[in-house]
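Fold and geometry: a report
Below are the chains, spelled out letter by letter.
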Amino acid sequence: MSNETFHKLHNILVTNHGLQSTQEFHSIEALSMFLWACGHGHCMRQVKDRLGRGLGTISQKFGDVLHAMMSFADIVIRPHDPTYSTVHASLRPYSPFFDGCIGAIDGTHIPVCVSRKSHDDYTNRKGWPSQNVLAVVDFDMRFTFIGVGMAGAVHDMAVLRQGWEAETFPHPPPGWFS
């Protein structure tokens, strides 16, 4: 990420999404910590060792940045035209066969670490703990919906059904298949 992009993201999160500095942690440091930890797959203890801060402080600020990022995602991860009033240019040669098609949908399993108590719920059919994630993209390869939070043992149809019922799920225009 470029320096300019990082500062733009920081300003957006502070101005519009409630990211705040505290006496112990400046907001720019908190965002840096968050991106470093997520980008490199580091755990809270590694972040604590790197920054020399308390584990509780690290966890609290990580949660604050995550909350701001989720608020930001609600604005960014959505269809540009929620009514899907036009057919995408890449589909016009195939009209009328793909009229009403709004994108592609797929699911994946993301590895997670969970407590022993929750281990069985999150163990997928391959035998490792995961979270079942649903993603929808438009024809410009932009995410329009991401459904997270389902344990790996949950069937794909249940994940799809939960996503379908979400307020932000991108449904095709009326009269077309979904």
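Structure's up top.
Remember, it's a predicted structure, so these values are computed and weren't measured experimentally.

**Re the overall build of the protein**
- Of the regular secondary structure elements, the protein holds 6 helices and 3 strands.
- When the helices and strands of the protein are listed from N to C terminus, the series reads α-α-α-α-β-α-β-β-α.
- In terms of overall dimensions, the protein has a C-alpha envelope of 60 × 40 × 25 Å along the principal axes.
- Within the protein, buried positions represent 26% of all 178 residues.
- Sequence-distant contacts, at least 24 apart, represent 53% of the contacts inside the protein between residues at least 6 apart.
- For the protein, the accessible surface area stands at approximately 12,000 Å², while carbon and sulfur atoms represent 57% of it.
- Between the centroid of the 14 positive side chains of the protein and the centroid of its 16 negative side chains there is a distance of 7 Å.

**Regarding unusual backbone geometry**
- In the segment running from serine 95 into proline 96, the intervening peptide bond is cis, with an omega of 5°.
- The residue proline 96 is located in the loop between helix H4 (55-76) and strand S1 (104-111) in this model.
- In this structure, methionine 141 takes a positive phi of about 65° despite not being glycine.
- Within the fold, methionine 141 resides in the loop between strand S2 (130-137) and strand S3 (143-151).

**Topic: the pattern of salt bridges**
- Counted according to the given criterion, the structure contains 6 salt bridges.
- We note a salt bridge from lysine 48 to aspartate 49, for which the minimum N-O separation is 3.6 Å.
- Taking the relative accessible area as the measure of exposure, aspartate 49 reaches 59% and is therefore exposed.
- The shortest N-O distance in the salt bridge between aspartate 64 and lysine 61 comes to 3.6 Å.

**Focus: the sheet that holds S1**
- Taken together, 3 strands build an open sheet; the order of strands is S1-S2-S3 and the sheet is antiparallel. Because the sheet does not close on itself, it has two edges, and the strands there are S1 and S3. Taking the axes of each pair of neighbouring strands and ignoring which way they run, one obtains an average angle of 20° across the sheet.
- Where S1 and S2 come together, 8 bridges link them in antiparallel fashion. Paired with alanine 104 across the strands is valine 137, a residue of S2.

**So, helix H1 (residues 3-16)**
- Its 14 residues place the ends of H1 20 Å apart at the C-alpha level, agreeing with the 20 Å of an ideal helix rising 1.5 Å per residue.
- Within H1, the full set of buried residues consists of Phe6, Leu9, His10 and Leu13. Projection of H1 onto a plane perpendicular to its axis shows the buried side chains occupying an angular sector of 100°, all on one side. Opposite the buried face of H1, by more than 90 degrees, sit the exposed residues Glu4, Thr15 and Asn16.

**Quick notes on a nonpolar patch on the surface**
- A surface patch of nonpolar side chains, about 390 Å² in accessible area, is lined by Tyr94, Phe97 and Phe98.
- Inspection of the secondary structure assignment puts tyrosine 94 in the loop between H4 and S1.
- Accessibility expressed as a relative area gives 46% for tyrosine 94, which makes it partly exposed.

The rules behind these values
Residues numbered from 1 in each chain as written. Predicted model: local features only at pLDDT ≥ 70, side-chain atom pairs only at ≥ 80, totals over all residues. Heavy atoms only, no water. Helix = DSSP H or I, 4+ residues; strand = E, 2+ residues; numbered from the N terminus. Buried < 20%, exposed > 50% of the residue type's maximum accessible area, 1.4 Å probe, protein only. Contact = heavy atoms within 4.5 Å. Areas by Shrake-Rupley, 256 points an atom, 1.4 Å probe, with all protein chains shown as cover. Lys, Arg positive; Asp, Glu negative; His and termini not counted. Charge placed at Lys NZ, Arg CZ, Asp CG, Glu CD. Salt bridge = Lys/Arg side-chain N within 4 Å of Asp/Glu carboxyl O. Pairing = 2+ DSSP bridges. Axes fitted to C-alpha atoms, helices over the stretch in contact; angles between N-to-C directions. Expected span 1.5 Å × (residues − 1). Arc of directions from axis to C-beta. Patch = residues over 30% accessible without salt bridge, like charges linked within 9 Å, V, L, I, M, F, W, Y side chains within 5 Å.

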